[in-house]
Amino acid sequence: MKHYLSASDLYQIGKVVSAHGIKGKLEVALNDDLLERIDPEYVFVAIDGLPVPYFVTSCSLRSRQYALLQLEGISSASDAQLLVGSCVMYPKADVPPREADTDDWRFLLGYTVSDVNHGLIGEIVDIDDQSANVLLYVHDSQEREFILPFHPQLVKSVDEPRRSILMDLPDGLLTLNN
């Protein structure tokens, strides 16, 4: 029986972008709407690549993209500054299911995209949802960018625990910019 959490057991909520105020609050850029759906008692912060648990003493949303977190044991601006750039995570097993009618696509940031014919394409780094046609901006390992339509007819499966999407893309779509 496993008694520890590894990075693969954790879901990235966002990233600490700055210290806020003098009492150690953290400003977190959010990947999705998880903090709108839950009031976390604890989170994990990646420190030197290892997930370190912290109790959350307060959590407030500043917008759909940013939250302020106060963590137990982080009580000064200098404490908070040490965590800037760190990922904030939550156990995948405790993430509640997303409602089917969501219009917030930020949760897809960081997902990997694969095609049934071409295999792994890359990681979603940006999303354009300003029109009815949601577009995924995907970077491969050589930092090439692919812009893919996130259309239901092209999506074979979305695996939230593995943070991956399997698509069946039309022939030639991946070579449009070559």
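Scroll up to find the structure.
Each chain has its residues counted from 1, running along the sequence as written. Local features are withheld for residues below a pLDDT of 70 in this predicted model, meaning they are given only at 70 or higher, and side-chain atom pairs are given and counted only at 80 or more; totals for whole chains, interfaces and linings count all residues. Only heavy atoms go into the side-chain values, all of them from the structure, while hydrogens and water stay out.

Draft legend 1. Examining the pairing of strand E3 (residues 42-47) more closely. The pairing of E3 with strand E4 (residues 50-61) spans six bridges and is classified as antiparallel. Bridged to Ala46 within E4 is Pro51. Should DSSP find at least two bridges between two strands, the strands are taken to pair. Only DSSP runs of H or I with at least four residues qualify as helices, and only runs of E with at least two residues qualify as strands; both kinds are numbered from the N terminus onward. Sheet analysis places E3 next to strand E6 (residues 87-91), joined by two bridges and oriented antiparallel. Its bridge partner being in E6, Val45 is matched across the sheet by Val88.

Draft legend 2. The sheet that holds strand E5 (residues 66-71), seen in detail. Reading around the barrel, the six strands line up as E1-E2-E5-E4-E3-E6 and close back on themselves, with antiparallel pairing between neighbours. Pairwise comparison of adjacent strand axes, ignoring direction, gives a mean angle of 45 degrees for this sheet. Where strand E1 (residues 10-20) meets E6, five bridges bridge the pair, whose relative direction is antiparallel. Residue pairing across strands places Gln12 opposite Met89, the latter belonging to E6. In this analysis, axes come from line fits to C-alpha atoms, helices being fitted only over the stretch in contact, and the angle between any two N-to-C directions falls in the range 0 to 180 degrees.

Draft legend 3. Here's a closer look at the sheet that holds strand E7 (residues 112-115). Strand order in the open sheet formed by six strands is E10-E9-E8-E7-E12-E11, with mixed pairing between adjacent strands. Every other strand in the sheet has two partners, leaving strand E10 (145-149) and strand E11 (155-159) as the edge strands with one partner each. Strand-to-strand twist in this sheet, taken as the mean axis angle between neighbours without regard to direction, amounts to 30 degrees. With four bridges joining them, E11 and strand E12 (residues 164-167) adopt antiparallel strand pairing. Looking across to E12, one finds that Asp159 is bridged to Ser164.

Draft legend 4. Inspection of the side chain of Asn31 at higher detail. Along the chain, Asn31 falls in the loop between strand E2 (25-30) and helix H1 (34-37). By relative accessible area, which is 14% here, Asn31 ends up buried. For Asn31, the side chain forms a polar contact with the main-chain oxygen of Gln12, separated by 3.3 Å. We call two residues contacting when some pair of their heavy atoms lies within 4.5 Å. Beyond its immediate chain neighbours, meaning those up to four positions away, Asn31 contacts Gln12, Ile13, Gly14, Arg106, Phe107 and Leu109. Partly exposed residues are those whose accessible area sits between 20% and 50% of the maximum for their type, while under 20% is buried and over 50% is exposed, using a 1.4 Å probe and protein chains only. Counted as a polar contact is a pair of N or O atoms within 3.5 Å, where, for protein atoms, one must be capable of donating a hydrogen and the other of accepting one, and residues adjacent in sequence contribute only when both atoms are in side chains.

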